[in-house]
Amino acid sequence: MSFKARQIGPCFAAEVEGIDMRKPLSPEDVKAIHAGMDEYAVLVFHEQFIDDEQQLAFTRSLGELERSVGASLRAPEDYRLPTTFADVSNLDKEGKPFAREDRRRLFAIGNRLWHSDSSFKVVPAKYSLLHARVIPSKGGNTEFADMRAAYDALDDETRTQIEELICEHSQIYSREQLGFTDLTDEERARFKPVGQRLVRVHPSTGRKSLFLASHAGTIVGWPVPEARLLLRDLIAHATQKEFVYAHEWRVGDLVIWDNRRTMHRGRPFPAHEPRDVRRTTLVGDGPTVPQHV
Ligand code: OGA
Ligand code: MN
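Residues numbered from 1 in each chain as written. Chains lettered and ligands numbered in written order. Predicted model: local features only at pLDDT ≥ 70, side-chain atom pairs only at ≥ 80, totals over all residues. Heavy atoms only, no water.

*Asks:* Would you mind going over the overall build of the protein with me for this structure?
*Replies:* Looking only at helices and strands, one finds 8 helices and 15 strands in the protein. For the protein, whose C-alpha radius of gyration is 18 Å, the value lies close to the compact-globule estimate of 19 Å for 293 residues. C-alpha atoms of the protein, sized along the principal axes, occupy 50 × 40 × 35 Å. In the protein, buried positions account for 55% of the 293 residues. (Helix = DSSP H or I, 4+ residues; strand = E, 2+ residues; numbered from the N terminus. Rg over C-alpha atoms; globule rule 2.2 N^0.38 Å. Buried < 20%, exposed > 50% of the residue type's maximum accessible area, 1.4 Å probe, protein only.)

Dropping the structure here:
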C-alpha cells in the first residue's frame, strides 16, 4: 500500500494511510510525506507501534535531527529518554508522573500555551514528530492552528503593519504568562531571547505565514505593553475555530507538524495519570532574521 492522505482539519491537517514506520521508507514515501506536509502542514499516522530506534530512523529519513538538550528544566542526569528526543511526557526517570508541584512539570506545562517548537532558538524547528505510547483516560488532546490560513485572513492594513516586524522569543516570556518566574540565573542565561520574523515565507511553497508563539514577548522597537497587546490579538485571531484542528490521541498515533506554518498547544489531563508522548524534531533551515550579538 502506498501513501494516501485525507484531509481531516478545517483548512489543513490530513490522516495518512500506507506508511509502516517499522520498515525503511522508499524514496517515493519520503517524497510523498514531504509533499503531504507542504499541502496539509499536519499529518496523522495511526497504528504505528514503533520503539525509540524506529522513531529515530523514521525521523532521520526525513531530515536532520534537532537536539533538544537544555530546553527544559530536566538536568541531564534526569533524562528518561535519549538526548535525541524531547521528552514531552509527565514522567520522571523512573517512569512515575511528576508531583503536581514539581517545577519540572510546572515549566513543562508551558506547552499548553500556543507555540511553535524551538521558536526560542536562533534556528527554530522544522518538523516535530510526536508519538503516543501511553495516554491518559481523558483530556490531553493536542490542538493545531493553521498560521498560513490565519495570515491569509488578515486585512491589508494589518499585513502591512506587521510585514517587517521582528519579535523576541524566549521560554522566559511564555512561563511568565503563567506566573512561573522562579528561574535561576543559569536558566535565565540559557533562555536568552532570540529574534524571529513575525511574517515568514515557507521555503517550499513560497506562501506567507504568521510566525507566532507564546514565547514571543517583545517586538523590536516597540513599547513592551503595546507589543504584547498586538501579539495577543494576533494569537487570538490565528486560533479561532476555523483555523484549528484538535487531535484526540490513540496509542500508536504519530503526528508530524510543520512548525514553520502552524502553532500547537497541549490540553490538560489528570496530573496523576501517565502520559508518555515522545518527540523527535527536525532542525529548521536557518535563522529567520540575522541575529544581533
Ligand atoms: C510538543 C508539544 C503538546 C502535547 O510535543 O512539542 O507541545 O500535547 N506537545 O503534548
Ligand atoms: Mn511543542
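*Asks:* What exactly am I supposed to notice about the coordination of the manganese ion (ligand 2) here?
*Replies:* In an ideal tetrahedron of four donors about a metal, each angle is 109.5 degrees. In an ideal octahedron of six donors, the angles are 90 or 180 degrees. Within the protein, the manganese ion (ligand 2) binds to His115 (NE2), Asp117 (OD) and His264 (NE2); these donor distances fall in the range 2.1 to 2.2 Å. Each donor residue of the manganese ion (ligand 2) belongs to the same chain, with the gaps between them written as H-x1-D-x146-H. Residue classification places histidine 115 among the buried residues on the basis of a relative accessible area of 6%. On the basis of relative accessible area, aspartate 117 is assigned to the buried category, the value being 3%. (Donors = N, O, S within 2.8 Å, 3.2 Å for Na, K, Ca; no water.)

*Asks:* Mind showing me how you'd approach helix H8 (residues 224–238) here?
*Replies:* The periodicity of an α-helix, 3.6 residues per turn, causes residues three or four positions apart to be oriented the same way. For H8, spanning 15 residues, the distance from its first C-alpha to its last is 21 Å, which sits close to the expected 21 Å at 1.5 Å a residue. Listing the buried residues of H8 in full gives Ala227, Leu230, Leu231, Leu234, Ile235, His237 and Ala238. Seen end-on, H8 carries its buried residues on one side only, within an arc spanning 160 degrees. Residues of H8 that are exposed and point over 90 degrees away from its buried face: Pro225, Leu229, Arg232 and Asp233. (Expected span 1.5 Å × (residues − 1). Arc of directions from axis to C-beta.)

*Asks:* Any chance you could explain the sheet that holds strand E8 (residues 194–197) here in plain terms?
*Replies:* The strands that make up a sheet pair up through hydrogen bonds in the backbone, lying either parallel or antiparallel. Strand order in the open sheet formed by 3 strands is E8-E7-E11, with antiparallel pairing between adjacent strands. What marks the edges here is a single partner per strand, and that holds for E8 and strand E11 (216–219). The sheet shows a mean angle of 40 degrees between the axes of neighbouring strands, direction not considered. Where strand E7 (residues 166–169) lies against E11, 3 bridges are found, and the strand directions are antiparallel. From the neighbouring strand, histidine 169 faces E11, where its bridge partner is alanine 216. Across the sheet, H8 is in contact with E7 and E11; its angle to E11 comes to roughly 125 degrees. (Pairing = 2+ DSSP bridges. Axes fitted to C-alpha atoms, helices over the stretch in contact; angles between N-to-C directions. Contact = heavy atoms within 4.5 Å.)

*Asks:* So what exactly am I meant to see when it comes to the site of ligand 1 here?
*Replies:* Close contacts around ligand 1 come from Val88, Asn111, His115, Asp117, Leu130, Asn141, Thr142, Trp257, His264, Gly266, Arg275 and Arg279, and that covers them all. At 3.1 Å from an oxygen atom of ligand 1 is found a side-chain nitrogen or oxygen belonging to histidine 115. Here an oxygen atom of ligand 1 and a side-chain polar atom of threonine 142 are 2.6 Å apart. Look at ligand 1: alone it shows 290 Å² of surface, and the protein chains cover 98% of it. Of the residues contributing to the shell around ligand 1, the split by class is 3 nonpolar, 6 polar and 3 charged. (Near = heavy atom within 4 Å. Polar contact = N/O pair within 3.5 Å; in protein donor to acceptor, adjacent residues only side chain to side chain. Areas by Shrake-Rupley, 256 points an atom, 1.4 Å probe, with all protein chains shown as cover. Nonpolar A, V, L, I, M, F, W, Y, C, P; charged D, E, K, R; others polar.)

*Asks:* It is not clear to me how the nonpolar core should be interpreted in this structure. Could you clarify?
*Replies:* Soluble globular proteins tend to bury their nonpolar side chains together. Ranked by size, the top nonpolar core spans 25 residues in total, and within it Ile162, Leu198, Leu210 and Leu212 carry the most contacts. Counting only elements with at least two residues in this core, the list comes to helix H4 (147–152), E11 and H8. Not counting residues up to four positions away in its chain, the partners in contact with leucine 212 are Ser116, Met147, His169, Leu198, Leu231, Leu234, Ile235 and Met263. Of all hydrophobic cores here, the second largest spans 21 residues; its members include Phe3, Ala14, Met37 and Ile50. (Core = buried A, V, L, I, M, F, W, Y, C linked by side-chain atoms within 4.5 Å.)

*Asks:* Honestly, the sheet that holds strand E12 (residues 244–247) in this entry has me stumped. Any pointers?
*Replies:* One open sheet holds the 3 strands; their spatial order is E12-E6-E14, and the pairing between them is antiparallel. Both edges of this open sheet fall to E12 and strand E14 (262–266), since each of them pairs with a single strand only. The mean angle between the axes of side-by-side strands here comes to 20 degrees, regardless of whether they run parallel or antiparallel. Sheet topology note: the strand E6 (residues 142–146)/E14 ladder contains 5 bridges and is antiparallel.

*Asks:* Please clarify how unusual backbone geometry should be interpreted in this entry.
*Replies:* If you check the backbone angles, alanine 13 has positive phi at about 75 degrees while not being a glycine. Within the secondary structure, alanine 13 is located in the loop between strand E1 (4–7) and strand E2 (14–17). A residue is classified by how much of its surface remains accessible, and alanine 13, at 0% relative accessible area, is buried. The backbone of glutamate 47 shows a phi angle near 55 degrees, a positive value even though the residue is not glycine. Classification of glutamate 47 as exposed rests on a relative accessible area of 58%.

These figures come from the coordinates and say nothing about function on their own.
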